[in-house]
Amino acid sequence: MANEVLRSIRGLLPMIAERADKVDESRRVSEQVIRELGDAGMFKMLQPRRYGGTESNPVHFYEVVRAVSGVCGSTGWLASVLGVHPWHLALFDDRAQRDVWGHDDSVLVSSAYAPVGRLVPVEGGYRLTGDWHFSSGCEHASWALLGAMVVGTEGRPVDFMTALVPRSDYRIHDVWDVVGMRGTASNEISAEDVFVPDYRIKRNYETAQLRGPGQKVNRGPLYRLPFATLFTTAVAAPGVGVVAGCYERYLTFMRERVRLSLGGGRFVDDQFAQVAVARASSEIDAAILQMDRNVRELWELAEAGEELPMGLRLRVRRDQVRATERALDAIDLLFKTAGGSSLSRGNAIERSWRDAHAGSVHVANEPERALALFGRGAFGLPVEDNLV
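Please read all numbers here as calculations on a predicted model, not as lab measurements. (Residues numbered from 1 in each chain as written. Predicted model: local features only at pLDDT ≥ 70, side-chain atom pairs only at ≥ 80, totals over all residues. Heavy atoms only, no water.)

### Here's the deal with the packing of aromatic side chains
Taken as a whole and judged by the stated rule, the model has 9 aromatic pairs. Both rings, one in Phe61 and one in Tyr62, keep their centres 5.3 Å apart while their planes meet at 70°; by these two values the pair is edge-to-face. When its relative accessible area of 1% is taken as the criterion, Tyr62 is described as buried. On the numbers, 6.0 Å between centres and 80° between planes, the contact of Phe134 with Trp176 is edge-to-face. Residue Phe134 is found in strand β2 (residues 125-135), and its partner Trp176 is found in the loop between β5 (171-173) and β6 (187-197); the two are separated by 42 residues along the sequence. An aromatic cluster is present here, built from Trp87, Tyr113, Phe227 and Phe231 joined pairwise through their rings. Here Arg318 stacks its cationic end above the ring of Phe374, 4.7 Å away from the centre of that ring. (Phe/Tyr/Trp six-rings, centres within 6.5 Å; stacked < 30°, edge-to-face > 60°. Buried < 20%, exposed > 50% of the residue type's maximum accessible area, 1.4 Å probe, protein only. Helix = DSSP H or I, 4+ residues; strand = E, 2+ residues; numbered from the N terminus. Lys NZ or Arg CZ within 6 Å of the ring centre and 35° of its normal.)

This is the structure in structure tokens:
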């Protein structure tokens, strides 16, 4: 099937690229850009058809994410994380879905999944208190998915949950002033003793086991895929897209460059520069090809109603973190070979370098743990992790 959203988004790319400097300086993606991404169908690609979505092949979703990220890393990051949350919401009880989309199916949801909140059971639900860092795009969202621990009678954690909370029940603190992905406005959220009904709570273990009340009403193959595939790929794809876009701009810029050192001459005639370009492009291609292959295989199995083998789920995580590593290797090579030209604040290479490195520090992009999980599986050892 053709990626119709990608066709629509391509018409927005020049405008998004033109605003990239302002996004970086202001630490904000404008409401207009978010609205135009929504009008193009970006945020409904993984949303249930029952609520106006298209339930698209996720490979197409990540294609769009990479395209947007290629011209503005912050905008691409928001397109990805705000775009993947409708998929997670679709796993919740249908009453929770109606709360969010019942009157307006364009409502957006942000997240802060680290289980730093505290849930205390009460009649009909829980009382939630906590402070969460790094909720990307929270200022554009009307709801938030917040990670929390259920606290037992002895004050010890007994379960890990995700709570769906309306904007009226939490506060946003503007603290995001960082070196890269500056426009994601990944600010802090805090909530104090707010009531969350049972149906707006989802067990993380249940999600990892591909079970939940949402699948009873959203029966398409999209909702039989693992959270660890959809979400972790959503935080890897922007970085890969940033580097892929930088590579294209790098070629355009460096074709005209004449060196003033190392004997002078045109940059493009330097064999070492040619080798660097070959290495960088190979790393980018490998990252994209592996991620797309893995997601496509999972999608095809889900379409056929077949079991999703653990080996493939582990391979998804392996190649997702390796994609981030490959993207960083490529951008570091481009940054270094561009020489002093890459140091000026605000140029495309410098901003892409900052954005790619900033996105890489997300916990889902941390390589060692994911690679160790793959190794355990390869050796036949048991693997228990909610991010698989």
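Continuing now.
### Some thoughts on the sheet that holds β2
Here we have 7 strands laid out as an open sheet, ordered β5-β6-β2-β1-β3-β4-β7, and mixed in their pairing. This sheet does not close on itself; its edge strands, each paired only once, are β5 and β7 (201-203). When the angles between neighbouring strand axes are averaged without regard to direction, this sheet yields 25°. In this structure, strand β1 (residues 109-122) lies alongside strand β3 (residues 143-151), joined through 7 bridges in parallel fashion. (Pairing = 2+ DSSP bridges. Axes fitted to C-alpha atoms, helices over the stretch in contact; angles between N-to-C directions.)

### So, the side chain of Asp24
Tracing the backbone through its elements, the reader meets Asp24 in helix α3 (residues 20-26). Asp24 gets classed as buried once you look at its relative accessible area, which sits at 7%. Among all residues touching Asp24, those that are not within four sequence positions of it are Arg182, Arg345, Arg351 and Arg354. (Contact = heavy atoms within 4.5 Å.)

### A short note on the domain arrangement of the chain
According to the domain assignment, the chain consists of domain 1 (4-102), domain 2 (109-203) and domain 3 (225-379). Distance from the C-alpha centre of domain 1 to the C-alpha centre of domain 2: 22 Å. Taken together, both faces of the contact between domain 1 and domain 2 bury some 2300 Å²; the carbon and sulfur share is 61%. At the junction of domain 1 and domain 2, the tally comes to 4 salt bridges. (Domains from an automatic or database assignment. Buried area = accessible area lost by both parts, 1.4 Å probe. Salt bridge = Lys/Arg side-chain N within 4 Å of Asp/Glu carboxyl O.)

### Focus: the UniProt feature "transmembrane region" (unreviewed entry) in the chain
UniProt tags residues 225-247 as "transmembrane region" (unreviewed entry). Taken end to end, residues 225-247 is 91% helix and 0% strand, and its two terminal C-alpha atoms sit 32 Å from one another. (UniProt positions renumbered as here; feature names shortened; annotations may be inferred.)

### Considering the environment of Ser74
Looking at the element boundaries, Ser74 is found in helix α6 (residues 73-89). Under the relative-accessibility criterion, Ser74 is labelled buried at 3%. Put simply, Ser74 and Arg219 are 145 residues apart on the chain and 33 Å apart in space, counted from C-alpha to C-alpha. When residues no more than four places from it in sequence are discounted, the contact partners of Ser74 are Val23, Val29, Met181, Arg182, Gly183, Thr184 and Asp355. At 2.9 Å, the side chain of Ser74 forms a polar contact with the backbone nitrogen of Gly183. (Polar contact = N/O pair within 3.5 Å; in protein donor to acceptor, adjacent residues only side chain to side chain.)

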